[in-house]
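Chain residues, written in single-letter form:
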Amino acid sequence: MRIHLIYPDWGHFPLVYRRYIPVMGPAIVASLTPPDIDIVFTDERVDSIDFDRDYDMVAISMMTSQANRAYEISRIYREKDIPVVLGGVHVSLMPDDALQNADAVVVGEAEGTWPDLINDLRKGNLKRVYSCKSPADEIPFPRWDIFENRTYLPMNSLQVSRGCPVNCDMCSVPQTYGTEFRMTGTERLLEDVKRLERYIFIINDNMHLAKRRVRGFLDGMAGIDKQWVGLAPLSIAEDSAYLDILKKSNCWAMYVDLSPWISASLNDMIDGVQVAKANIMIERIRERGIKVIASFVFGFDHDRKDIFEKTVRFAKDNNIEEAEFHILTPYPKSRLYERLDSEGRLITSDFSRYSTSSVVFRPANMSPDELHEGYLYAWREFYPKENFEDTERGPVIKSFACFPLNREDLLNYKGGRWVEAVMKKERQRQEDRC
Ligand code: B12
Ligand code: SF4
């Protein structure tokens, strides 16, 4: 038996290196698949799909920004009478939408659903919906080998826990994984770490809420020769002892979401004290040798037209090495989506635009075009000219300021002349269109 596992194209994201991160969802689905079934994996971010090959089933993983492309791929295979199953965060949020475009859908975690689905496939009796009723105790070690022989960064992800009790306005995590913080055991995590690449992306942004529970894990990381990058709110800098633990655990950089706290302050909606405080906190993180990758979101109701310029100035004044700029995006089922929908402010239901690079709602203090222009201005203004390239799909930033390998090593990594590779693909796309 042979299954084609697909990670569809996801549109565009300015920082090119993001395209080169192996993704965990498909790697877990592959590891839950019994060994007598062949898995052929296509990552459309870097590969093209060979639609002529025959399969017993096609399985597609998707975020919201990938939904339209996933449905297109599904249609092509279903026309060939190959059954298609869809899974991933968007399917968990909008199963009915997905169901119209597939033979079967998986709602929630694959651990609690995929084995049953495979049994039904063997019997030729696929059900329409597989829902994860209770989360699995055991998360398998992802099959990172499915990404081999391609141009990825030498980096694997690690998920310390699933679920989140905090219900942030724009986040899809509680709706996908539930509201309980379910942490994997420390020993198991540390064993897994030893099997990973030298550089690790710890994908939880909420582990800092459970400092006491993750302490053993972070202490264990200190004794392993691996470096990691993570996600965190700026408030981690309020706890110097915790910052010291992070440093000892070999954390080299943190993605820090600076919105909307900072943008409200930059807009003078609240006093400038927050900005002054942020400067100190960023410095505290940096003093530990941990780089700050700053993430800024534009489009809040308090954002006025000068927010773009003020944000870039803030990032430059703070000597941020790497910044990301996003357009506020209301993901289906989030509180933000419900609010904007109820106010009649959503302007498109084209999910390929739900990528944080497009405006999909009417902002309060500017037009959608002004928001998009301001977003482009921020990328262009923050990065040096030689790192910036305009393409038909949007700006491409060839920066890896926060990656621990130097530029030359990175370009020489494995088959990984990845910056050239992505630029070639971008050019090819433009030529195909002409
Ligand atoms: C690491 C990460 C990334 C990585 C890798 C992406 C990826 N898809 O894995 C990178 C850096 C590339 C990335 C980029 C983006 N990301 Co991101 N990312 C994450 C993060 C932090 C972890 C993802 C992960 O590895 N999870 C662990 C795996 C195991 O979970 P999973 O993928 O959901 O898979 C499980 C189930 O969904 C299911 N499943 C998944 N696929 C399949 C397939 C089949 C066939 C089956 C049966 C089951 C199944 O089983 C898996 C195991 O249980 C999540 C938050 C989170 N906690 O999940 C956000 C998240 C996925 N990202 C999000 C967003 C918005 C983005 C961006 C769009 C925006 C941005 N500005 O960063 C960009 C993409 C740009 C674009 N053009 O679209 C949102 C997605 C929301 C949505 N509704 O789509 C999330 C949920 C964050 C959030 N706070 O809401 N991201
Ligand atoms: S953004 Fe982070 S803290 Fe907020 S709900 Fe999502 S996972 Fe939890």
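Note that the structure is predicted; figures quoted are calculated from it, not measured.

**As for the site of ligand 1**
Here's step 1: In the neighbourhood of ligand 1, 38 residues make up the surrounding shell, with Tyr-7, Ser-61, Ser-65, Glu-111 and Tyr-177 lying closest.
Here's step 2: Residue His-12 places a main-chain N or O atom 3.1 Å away from a nitrogen atom belonging to ligand 1.
Here's step 3: In this structure, a nitrogen atom belonging to ligand 1 sits 2.8 Å away from a side-chain N or O atom of Thr-356.
Here's step 4: With four residues, the single largest contributor to the shell around ligand 1 is helix H1 (residues 24–31).
Here's step 5: Residues belonging to the shell around ligand 1 are distributed by class as follows: 21 nonpolar, 13 polar and four charged.
Here's step 6: Counting contributing residues, the shell around ligand 1 receives three or more from each of domain 1 (2–131) and domain 2 (147–429).

**Examining the sheet that holds strand E14 (residues 322–327)**
Here's step 1: As summarised here, the arrangement of the six strands in space is E7-E10-E11-E12-E13-E14, forming an open sheet in which the pairing is parallel. The open sheet terminates on both sides in strands that have one partner only, identified here as strand E7 (155–158) and E14. The mean inter-strand angle of the sheet, taken between neighbouring strand axes irrespective of direction, is 20°.
Here's step 2: In terms of strand pairing, E7 meets strand E10 (residues 199–202) through four bridges, oriented parallel. Bridging from a neighbouring strand, Asn-156 pairs with Ile-200 of E10.

**Focus: the sheet that holds strand E6 (residues 129–131)**
Here's step 1: One open sheet holds the six strands; their spatial order is E2-E1-E3-E4-E5-E6, and the pairing between them is parallel. A single partner strand is all that each edge strand has here, and the edge strands are strand E2 (38–43) and E6. Neighbouring strand axes in the sheet, compared pairwise and without regard to direction, differ in orientation by 20° on average.
Here's step 2: Direction of pairing for strand E1 (residues 2–7) relative to E2: parallel, over a ladder of six bridges. Looking at E2, one finds that Ile-6 is bridged to Thr-42.
Here's step 3: Contacts between H1 and the sheet are confined to E1, E2 and strand E3 (57–61), with E1 contributing the most and set at about 165° to the helix.
Here's step 4: With respect to the sheet, helix H5 (residues 114–122) is in contact with E1, E3, strand E4 (84–87), strand E5 (104–107) and E6, its orientation differing from that of E3 by roughly 160°.

Rules and cut-offs
Residues numbered from 1 in each chain as written. Chains lettered and ligands numbered in written order. Predicted model: local features only at pLDDT ≥ 70, side-chain atom pairs only at ≥ 80, totals over all residues. Heavy atoms only, no water. Near = heavy atom within 4 Å. Polar contact = N/O pair within 3.5 Å; in protein donor to acceptor, adjacent residues only side chain to side chain. Helix = DSSP H or I, 4+ residues; strand = E, 2+ residues; numbered from the N terminus. Nonpolar A, V, L, I, M, F, W, Y, C, P; charged D, E, K, R; others polar. Domains from an automatic or database assignment. Pairing = 2+ DSSP bridges. Axes fitted to C-alpha atoms, helices over the stretch in contact; angles between N-to-C directions. Contact = heavy atoms within 4.5 Å.

These results come straight from atomic positions and should not be treated as a statement about function.
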